[in-house]
Amino acid sequence: MTISNKEMRVVAAITVTGTVLDENGMPLPGVNVVEKGTNNGTITDAKGKFSVNVASPQSVLVFSFVGTTTEEVVVGNQTSISVTLMNDVKTLGELVVMGYGTQEKKDVTGAVGSIDSEDFNKGVITSPQQLLQGKIAGVSVVSSSGEPGASQSMTVRGPSGLRSGNNPLYVIDGIPLDNSNSVGAVDPMSFINPSDIESIDVLKDASATAIYGARGANGVVMITTRNGKEGQSRLDFSSSVSFSKIARKMDVYSADEFREVVPAIGGDLNDGGASTDWQDLVTRTAVTQNYNMALSGGTKSTQYFASVGYQDQEGIIKENELKRYNGRLKLTQALVDDRIKVDVNLSASRVDNHRPNFNSVIGDALVANPTYAAYDAEGNPAYYGDVSNPLIQLEQYDDITSTDRIIGSISPSLEIIKGLTYKLNLGVDVSRTTRDEQYIPNSRYDQEGRLNSTFYDRDNTLLEHYLTYDFTKEGHHANILAGYSYQKVFEQERWWSISRFPENGVEPRYNPGQGQIIDLSQGDSYRGTNKPDGYAIKNELQSFFGRINYDLYDKYLFTANIRVDGSSKFGENNKYGTFPSFSAGWRISEEGFMGNGAFSDLKLRAGWGQTGNQEIPGKLSQESIELSTDGSVSYPFGDRDYPAGIKYSRYANPDLKWEVTTQTNIGLDFGLLEGSVSGSVDLFRKVTSDVLLSVLDSDPLRPQDAIYYDNIEDMEVRSKGVEVALDYKHSNADGVRYGIGANATFLDNEITGSPYTVIYSGSAQGGGMTGALVNGYVNRQPIGTFYLLDFIGIDEDGASIYRDVNGDKSINDQDRIAAGSSLPKTTYNFYGNVGYKGFDLSVNFNGVSGNKLYNNTANALFTKARLSRSLNTTDAANSYSNESINNSTTISTRYLEDASFLRLNNLTLAYTFNTEDLKINGWVKSLRLSVTGQNLFVITDYSGYDPEVDVKSNSGGYQSYGIDYLGYPKSRSIVFGLNISF
């Protein structure tokens, strides 16, 4: 039979409409509805409705949605179809990304926290750590300051070691990153566009992290970026604009108050006759713009995802700006009946950071005399001999850092026989950073121009081979993994400086040849002189790994991991370390005796394992020599200068070995009311032994000015705690949906077996106190312990009184006490959401308690002595009326404050339009508008800008905690967002 074109056109005009519901009978938006075998399709709107034209009554519509079963319906003579998609536990489980693969959530026996893009924190986001702050029990994220792109300190179940390497290992789409060093103030993870991230999984206990061996002691963060999906191509565009202001100003004296208080304490008032709020002058309403566009789609054999992004974030302090440019491409191609698959990932980013000298700007703004005018008669920033004008610093100093980073990988895989697959993973991570610090020459302000330039390169290459074998037989299921990995990281840093530039209007960084002094004879201290300097280092890691996942009748679960790592950082006698783990689970809810009880899911799990930590500088196990003209290694010939001689600067340490963390975990996962209520409880204990420390060498024959690392016998870092998480979600038939949830972590941390009274880790800054001990590592005390004199008041002479702890009638370092820790004892988060039809509202709170913060800013700046010299302070400087204006400001508990807080982190109101009602559903698939308030309020007793701050003041290569010195204030932001899909 022959069908005319006219008849074909009539047949092709079949229009099918309908609704897709979830298993609770609620409309399901965003479902892919595709005519099978074609690219013809659509997605459901906010009410779960769809409309699609199909070719014939024989056409089959495929309904698919993440986390549900896929349904196929033959059109036949139907013009209206209603479909219900049921939750697919297996599909949901596959979203849990483990090392070198995925695992069904129901079968996970380790402690793993997961969050997808729908539940990410909203607002102005510059790094992925901010997306999950407060969202996962046991995971702490603390920003060093409120600066755009500020470094984020992330710990999993508390810090494991004493050095700076306590951040977890980050793995992006299978590529382990090396962020051990960076240049500039920007967090090294800020190169990632948050809009590209699909999900984040945090591996918390050793049974989950041991597959990464030497780098798993601090936890592993698995970041999965968005992928293309089979079905209709789609174009997503999102944009936001935000307005940010300083959230909380420091309450220094106003001009009128200043005029009263300075004479009242017996000080000398310098009254300039003006009234100036210096904090207002150096801050502003900052604007952030964000634009992202992504194209995705694919067929059964080919899927693709491509995106570009741009973010321009102004800081609330003037002359501060962060710009980020992103591009990403992901391709998946299946060949030979899906036996061969090739994954290609490529991302490129550029981050430009422009910042003034924040310490000087903030410090000058806080202490500047409020009776002084900001500008002179000519409209220039006024110059005063007795105090610095912060506006001058904004004009005369620039710190410009640019980082280009490219990450790429290609991962072909071959199914050799049914169930047996070989995969190759080739990856590169290349970054190039340039930093210019320039002092603009200006004779008016007596500033000689200077340019400090730094160039930092890092190349990270990865080669991995691994086999997986998966089989199921008569209730038995096993997945076996065996592989090899080689990773090499090369880094090089060079720096130099030139001074004395002419005052010709050209910035030094644009014409360094204008500088007149580059004296090579000056010393080689880091960036302190003109002499060029630098270093280069190569670290290598060779590994063999394996894993077995086994389950019996979907009830009894077992996992075993082992990884053998060989690192170039360690001595010849200890190059390799072995890191095993074991875990088991019992799905009690699958037992017959549970019947049809209240539990929809109930799983008991337990695990034990060991992981390593290699985060020390490279080459420290090797001998080192250096050239020197020192008289001890050289001798002059005649009238000539000393020729260079060679001397040992460090002897080899062939016994240097891995730091080992042993962790035990017991957990319970549960679900009630058909999954409406879900939660988990975990108890853990983590012990780090063979602690790596830099030590003084006791051998008098060895060079004494070198840095030696050693494993300290019997010294341990112990952490134990409890994690609790609970969620409730519900939907009503009338379209109302809501959910609430909370999580909390209770942590106990201590150091044991240390041979030292105290190991200095954090020191103070500021005039007369730079380098003074604030916190350290003390036996039987937590990491981050403040080791201070105990301030108990003011005596009759107006001087400070400190507790004489040992009773020897003398106050000295022997009277210092362990005065608390910066580590919170409790970290908590609670959140809620409610929606009705197109509207949805979500709120997120987070907080901590049981921790302290040293207010180094108050210690250095807010004293009665400074106030008496007409320098501004807060009223804390005058809190003791009998205190002498000559009283010294010793480091003590006087400036140690409670850092507990409760913060309203996010509040978002959004509306998703019904594009069918707007009659634009033919080309606009979804349309959403939102407004978000970020950091709307914080409840705290801390007197500084914000209690969530960690200005690094490391001492001796150890990690400082909980010191606030002129930290960049946090902002309060309102963000307006648009999301549209075509």
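The residue count restarts for each chain, going from 1 along the sequence in the order it is written. At least 70 in pLDDT is required for a residue's local features to be given in this predicted model, at least 80 for side-chain atom pairs to be given and counted, and no such filter applies to totals for whole chains, interfaces and linings, which use all residues. Hydrogen atoms and water are omitted, and side-chain values are computed over all heavy atoms in the structure.

Q: Explain the packing of aromatic side chains to me, and be specific about the residues and the numbers.
A: We call Phe, Tyr and Trp rings a pair once their centres come within 6.5 Å, taking the six-membered ring for Trp, and we label the pair stacked below 30 degrees between planes, edge-to-face above 60, and tilted otherwise. As enumerated under the stated definition, the model contains 26 aromatic pairs in all. When the ring of Tyr100 is compared with that of Phe545, the centres are 4.3 Å apart and the planes differ by 20°; the resulting orientation is stacked. Highlighted residues: Tyr100 in the loop between strand E8 (96-98) and strand E9 (101-103) and Phe545 in strand E26 (residues 533-552), separated in sequence by 445 residues. Grouped by ring-pair contacts, the aromatic residues Tyr100, Tyr212, Tyr466 and Phe545 constitute a single cluster. Either the NZ atom of lysine or the CZ atom of arginine qualifies as a charge over a ring when it sits within 6 Å of the ring centre and within 35 degrees of the ring normal. When the ring centre of Tyr831 is taken as origin, the NZ or CZ atom of Lys135, which lies over that ring, is 5.3 Å away. A run of H or I in DSSP counts as a helix once it spans at least four residues, and a run of E counts as a strand once it spans at least two, with each numbered from the N terminus.

Q: Please provide a residue-by-residue account of the confidence of the model for the protein chain, values included.
A: Residue-level confidence of the predictor is what pLDDT reports, using numbers from 0 through 100. Chain-level pLDDT for the protein chain is 87 on average; 92% of the residues reach the 70-or-more range. Throughout, a contact is declared for two residues whenever any of their heavy atoms are within 4.5 Å. Taken together, the stretch residues 89-93 has pLDDT below 50 and engages in eight contacts with residues farther than four places along the chain or on a different chain. Note on residues 522-528: pLDDT under 50 across the span, and 16 contacts to partners over four residues away in sequence or across chains.

Q: Describe in detail helix H7 (residues 358-367), supporting the description with residues and values.
A: Exposure categories follow from relative accessible area, calculated using a 1.4 Å probe and restricted to protein chains: below 20% of the type maximum is buried, above 50% is exposed, and the middle band is partly exposed. Buried residues dominate H7, accounting for eight of its 10 residues. Buried residues of H7: Phe358, Val361, Ile362, Gly363, Asp364, Ala365, Leu366 and Val367, and no others. For H7, the elements touching its buried residues are helix H6 (278-282), strand E21 (340-355), helix H8 (390-396), helix H9 (856-861) and helix H10 (864-868).

Q: Explain the nonpolar core to me, and be specific about the residues and the numbers.
A: Within soluble globular proteins, side chains that are nonpolar tend to cluster in buried spots. Here, the term nonpolar core denotes a set of buried Ala, Val, Leu, Ile, Met, Phe, Trp, Tyr and Cys residues that are joined through side-chain atoms within 4.5 Å. One finds Leu366, Val774 and Tyr854 to be the most contacted residues of the largest nonpolar core, which totals 41 residues. Counting residues per element, the ones that place at least two in this core are H6, H7, H8, strand E40 (785-788), strand E43 (817-821) and H9. Counting residues per element, this core draws most heavily on H7, at six residues. Ignoring anything within four residues of it in the chain, the contact list for Tyr854 reads Val774, Phe786, Leu788, Asn859, Ile891, Ser892, Tyr895, Leu896, Gly962, Ile963 and Asp964. Ile115, Ile125, Val139 and Ile223 belong to the second-largest nonpolar core, a separate cluster that totals 24 residues.

Q: I'd like to hear about helix H5 (residues 255-264), residue by residue, with values.
A: Structurally, the α-helix is built with 3.6 residues per turn, so residues lying three or four positions apart point the same way. Buried residues of H5: Ala255, Phe258, Val261 and Val262, and no others. Down the axis of H5, the buried set is contained in an arc of 125°. They therefore lie on one face. Facing away from the buried surface of H5 by more than 90 degrees, the exposed residues are Asp256, Glu260 and Ala264. Against H10 lie the buried residues of H5. Just past H5, the residue Gly266 takes up positive phi, approximately 85°. An arc is given here, and it is the one of the directions from the helix axis to the C-beta atoms.

Q: Can you explain the pairing of strand E22 (residues 397-417)? Please cite residues and give values.
A: The pairing of E21 with E22 spans 16 bridges and is classified as antiparallel. Bridging from a neighbouring strand, Arg355 pairs with Asp399 of E22. Here, any two strands with at least 2 DSSP bridges between them count as paired. Alignment of E22 against strand E23 (residues 420-439), held across 18 bridges, turns out to be antiparallel. Across the sheet, residue Tyr397 finds its bridge partner in E23, namely Tyr439. Between E22 and the antiparallel strand that follows it, E23, lie two residues; Gly419 among them carries a positive phi value of about 90°.

Q: Residues and numbers for the pattern of salt bridges, please.
A: In what follows, salt bridge is the name for a side-chain nitrogen of Lys or Arg lying within 4 Å of a carboxyl oxygen of Asp or Glu. By the definition in use, this model includes 48 salt bridges. For Arg226, the salt bridge is made with Asp236, and the minimal N-O distance between the two is 3.1 Å. Residue Arg226 is located in the loop between strand E16 (220-225) and strand E17 (231-246), and its partner Asp236 is located in strand E17; the two are separated by 10 residues in the primary sequence. Taken together, the shared-partner salt bridges connect Glu104, Lys106, Asp107, Asp554, Arg587, Glu590 and Asp601 into one network.

Q: Tell me about the environment of Asn653, residues and numbers included.
A: Mapped onto the fold, Asn653 is located in the loop between strand E31 (645-650) and strand E32 (659-672). For Asn653 and Leu918, which are 265 residues apart along the polypeptide, the C-alpha to C-alpha distance reads 73 Å. The contact partners of Asn653, leaving out residues within four places of it in the chain, are Gly571, Ser621, Tyr709 and Asp710. Between N or O atoms, a polar contact is any pair within 3.5 Å; within protein, one atom must be a potential hydrogen donor and the other a potential acceptor, and residues adjacent in sequence are included only when both atoms are from side chains. Looking at Asn653, its side chain comes within polar contact range of the main-chain oxygen of Tyr709, at 3.1 Å.

Q: Before we move on, could you go through the pairing of strand E11 (residues 139-143) and cite the residues and values that matter?
A: Consecutive side chains of a regular strand alternate in pointing toward one face of the sheet and then the other. Of the two faces of E11, only one is covered, namely that formed by Val139, Val141 and Ser143; the face formed by Ser140 and Val142 stays uncovered. Across five bridges, E11 lies against strand E12 (residues 152-156) in antiparallel orientation. Among the inter-strand pairings, Val141 is bridged to a residue of E12, identified as Met154.

Q: Can you break down the sheet that holds strand E46 (residues 852-855) residue by residue, with the values?
A: Spatially, E47-E46-E50 is the arrangement adopted by the three strands of the open sheet, whose pairing is mixed. The open sheet has two edge strands with one neighbour each: strand E47 (896-898) and strand E50 (963-964). Note that E46 and E47 share three bridges and pair antiparallel. What sits directly across from Leu853, in E47, is Glu897.

Q: Give a detailed account of unusual backbone geometry, specifying residues and quantitative values.
A: The residue Arg780 is not glycine, and still its phi comes out positive at about 65°. Along the polypeptide, Arg780 turns up in the loop between strand E39 (773-777) and E40. Of the residues examined, Arg780 reaches a relative accessible area of 51% and is grouped as exposed. Of note, Lys837 is a non-glycine position whose phi angle comes to about 55°, a positive value. Relative to the helices and strands, Lys837 resides in the loop between strand E44 (826-836) and strand E45 (839-849).

Q: Tell me about the environment of Pro969, and name the residues and values.
A: Within the secondary structure, Pro969 is located in the loop between E50 and strand E51 (971-981). Taking the C-alpha atoms as reference points, Pro969 and Lys245, 724 residues apart in sequence, are found 9.7 Å from one another. Once residues within four sequence positions are removed from consideration, Pro969 is found in contact with Gly146, Ile246, Ile316, Ile317, Ile362 and Tyr945.

Q: Got a sec to walk through the side chain of Gln311? Specific residues and values, please.
A: When you line up the elements, Gln311 lands in strand E19 (residues 302-314). Residue Gln311 is classed as buried on the basis of its relative accessible area, which comes to 5%. A distance of 2.6 Å separates the side chain of Gln311 from the side chain of Asn290, its partner in a polar contact. With sequence-adjacent residues up to four places away left out, Gln311 is seen in contact with Ile125, Thr126, Thr288, Gln289, Asn290, Leu322, Lys323 and Arg324.

Q: Let's hear about the sheet that holds strand E1 (residues 14-22): which residues, and what values?
A: In any sheet, the strands associate via hydrogen bonds between backbone groups, in a parallel or an antiparallel arrangement. The strand order E4-E1-E7 describes an open sheet built from three strands, whose pairing is mixed. Both outer strands of the open sheet, strand E4 (49-54) and strand E7 (80-85), are each paired with one neighbouring strand and no more. Strand after strand, the sheet turns through a mean of 30° between neighbouring axes, direction not considered. As judged from the six bridges shared by E1 and E4, these two strands associate in the antiparallel manner. Each residue of the ladder has a partner; that of Gly18, found in E4, is Phe50. A fitted line through C-alpha atoms represents every axis, and for helices the fit uses only the stretch in contact; the resulting angles, taken between N-to-C directions, go from 0 to 180 degrees.

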